[in-house]
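Descriptive analysis of the structure
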Amino acid sequence: MKQPLKKEGVPDRPIKTLERVISKAGLGSRTEARSWIGAGRVAVNGKVIQTPDKWVDLERDKVTLDGKPVRALSKLYVLLYKPTGYLTTYKDPEGRATVYDLLTEIDQFISPVGRLDQDTSGLLILTNDTQFAERITNPDYKVSKTYLVKATTVITEEQIQLLRDGVILNDGPTKPATVNRVADSESRSSLEITITEGRNRQVRRMIEAIDSKVKKLARIAIGPIRIGKLEIGTHRNLTPREVDLLRG
Ligand code: URA
């Protein structure tokens, strides 16, 4: 059976066959799942379904076996240290690598909280908790994101002050930022920039607004969460305390 096509503009959803939903919940093998479904013991949204191939949307549909919920979708909060070269989309029509290629053993559907460009490395949170995601991305909650930026030129103190005060981008002025010089070589400066917004390619555009360019960009912190010992390309769950800290 073909998986239903996604509608234009609607994100891909965690859709699985009914048989797989039951076997993935650890209740039995796929053969057992098929036989339970065939025997009329399984319902989707209260209606008995006897087709193992029925597509089920794990975020919306309630599946029961003998009247008991099959899977209460637990909340998952994953912190990934994204290398460059990976997209933060679920599927790329051109077949390029996505962050999901680094999360293959996670069988719940989790979405990136905000995005990192393909050529940006650093911390990315993925979760199935949409309210939590909203808190991190909505600038009203002022959750900071800190970036280490290597610019293609030496950045003067005046340019740094412009970044701090806010620069004008084509989608409006940026909010005040915390900007510190990390190091200078003869031809380049490295800066640490903390912002509370997350507009598309914001840091790159801020640096372009002061007549330089980004050579290298990494997100090194989200609120109080830093990379720490996490190795590039790997991930870990956020601790309950970290989740609370980020919720504010
Ligand atoms: N700003 C950018 O320009 N790119 C990112 O990936 C994140 C912030």
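Residues numbered from 1 in each chain as written. Predicted model: local features only at pLDDT ≥ 70, side-chain atom pairs only at ≥ 80, totals over all residues. Heavy atoms only, no water.

**Notes on the domain arrangement of the protein chain**
Here is the rule we go by: Where a domain begins and ends is set by an automatic assignment or by a domain database.
The assigned domain composition of the protein chain is domain 1 (15–69), domain 2 (77–139 + 226–247) and domain 3 (144–222). The C-alpha-based centres of domain 1 and domain 3 are spaced at 50 Å.

**Comments concerning a positive patch on the surface**
Stated formally: The patches reported here contain residues having more than 30% relative accessible area and no salt bridge. Joining distances are 9 Å for like charges and 5 Å for nonpolar side chains (Val, Leu, Ile, Met, Phe, Trp, Tyr). The Shrake-Rupley method, run with a 1.4 Å probe sphere, supplies the accessible areas, and residue values consider only the shown protein chains as cover. By definition here, a salt bridge exists when the distance from a side-chain nitrogen of Lys or Arg to a carboxyl oxygen of Asp or Glu is within 4 Å. Positive: Lys, Arg. Negative: Asp, Glu. His and the chain ends are not part of the count. Charge positions are represented by NZ for Lys, CZ for Arg, CG for Asp and CD for Glu. Where helices and strands are cited, they refer to DSSP runs of H or I of at least four residues and of E of at least two residues respectively, numbered from the N terminus.
Side chains of Lys150, Arg188, Lys215 and Lys216 sit close together on the surface and give a patch of like positive charge. Looking at the secondary structure, you find Arg188 in the loop between strand 13 (178–184) and strand 14 (189–195).

**A short note on the nonpolar core**
Threshold: Within this scheme, the nonpolar core is defined by two criteria: the residues are buried Ala, Val, Leu, Ile, Met, Phe, Trp, Tyr or Cys, and they are joined through side-chain atoms within 4.5 Å. Summary of the burial criterion: residues with accessible area below 20% of their type's maximum are buried, those above 50% are exposed, and those between are partly exposed, where the area comes from a 1.4 Å probe applied to protein chains only. Note on contacts: a residue pair is in contact if any heavy atoms of the two residues lie within 4.5 Å.
Among the nonpolar cores identified, the biggest contains 32 residues, and Leu163 and Ile193 are the most heavily contacted of them. Mapped onto this core, the elements with two or more residues apiece are strand 7 (77–82), strand 9 (121–127), strand 10 (145–151), helix 4 (157–165), strand 14, helix 5 (202–209) and strand 15 (214–222). Each of two domains, domain 2 (77–139 + 226–247) and domain 3 (144–222), supplies a minimum of three residues to this core. Filtering out sequence-adjacent residues up to four positions away, Ile193 remains in contact with Lys145, Thr146, Tyr147, Val149, Leu163, Ala177, Thr178, Val179, Val203, Met206 and Ile207.

**Digging into the sheet that holds strand 5 (residues 63–65)**
Here is the rule: Any two strands with at least two DSSP bridges between them are considered paired.
One open sheet holds the four strands; their spatial order is 3-2-5-6, and the pairing between them is antiparallel. Strands with a single pairing partner mark the edges of an open sheet, and in this sheet they are strand 3 (47–48) and strand 6 (68–69). Sheet topology note: the strand 2 (residues 42–44)/strand 5 ladder contains three bridges and is antiparallel. For Val42, the partnering residue across the bridge sits in strand 5 and is Leu65.

**Remarks on the packing of aromatic side chains**
This is how it is decided: Two aromatic rings from Phe, Tyr or Trp, using only the six-membered ring of Trp, form a pair when their centres are within 6.5 Å; if the ring planes differ by under 30 degrees the pair is stacked, by over 60 it is edge-to-face, and anything between is tilted.
As enumerated under the stated definition, the model contains two aromatic pairs in all. Relative to Phe132, the ring of Tyr77 lies with its centre 4.9 Å away and its plane at 75 degrees, an arrangement referred to as edge-to-face. Here Tyr77 is found in strand 7, whereas its partner Phe132 is found in helix 3 (residues 130–137), with 55 residues between them in sequence. Aromatic pair Tyr90 and Tyr100: ring centres 4.8 Å apart, planes at 85 degrees, arrangement edge-to-face. Here the residue Tyr90 occupies a position in the loop between strand 7 and strand 8 (111–112), and Tyr100 occupies one in the loop between strand 7 and strand 8, the gap between them amounting to ten residues.

**Observations regarding helix 2 (residues 30–38)**
As a reminder, the rule being used: To be clear, the arc concerns the directions from the helix axis to the C-beta atoms.
Where helix 2 is concerned, the buried positions are Ala33, Trp36 and Ile37. In an axial view of helix 2, the angular spread of the buried residues amounts to 100 degrees, which keeps them on one side of the axis. Looking one or two places after helix 2, you find Gly40, whose phi comes out positive at around 80 degrees.

**Notes on the site of the ligand**
As a reminder, the rule being used: Being near a molecule or strand, for a residue, means having at least one of its heavy atoms within 4 Å of it. Counting of polar contacts relies on pairs of N or O atoms within 3.5 Å, with two restrictions inside protein: one atom must be capable of donating a hydrogen and the other of accepting it, and residues adjacent in sequence are counted only when both atoms are side-chain atoms. Basically, the charged four are Asp, Glu, Lys and Arg, the nonpolar ten are Ala, Val, Leu, Ile, Met, Phe, Trp, Tyr, Cys and Pro, and anything else, Gly included, counts as polar.
Around the ligand, the structure places Leu116, Asp117, Thr120, Tyr147, Arg201, Gln202, Val203, Arg204 and Leu217. One of the backbone N or O atoms of Val203 is found 3.1 Å from a nitrogen atom in the ligand. The contact in question runs from an oxygen atom of the ligand to an N or O atom on the backbone of Arg204, over 3.0 Å. Protein burial of the ligand: of its 230 Å² of free accessible surface, 96% is covered by the chains. Per-element accounting of the shell around the ligand gives the leading share, three residues, to helix 5. In terms of residue class, the shell around the ligand is made up of four nonpolar, two polar and three charged.

**Let's talk about the pattern of salt bridges**
Under the definition given, this model contains 17 salt bridges. Residue Asp117 is joined to Arg204 by a salt bridge in which the shortest nitrogen-to-oxygen separation is 2.9 Å. With Asp117 in the loop between strand 8 and strand 9 and Arg204 in helix 5, this residue pair connects regions lying 87 residues apart in the sequence. Across the pair, exposure class does not vary: Asp117 and Arg204 are buried alike. Residues Arg247 and Asp129 are paired through a salt bridge, measuring 3.2 Å at the closest nitrogen-oxygen approach.

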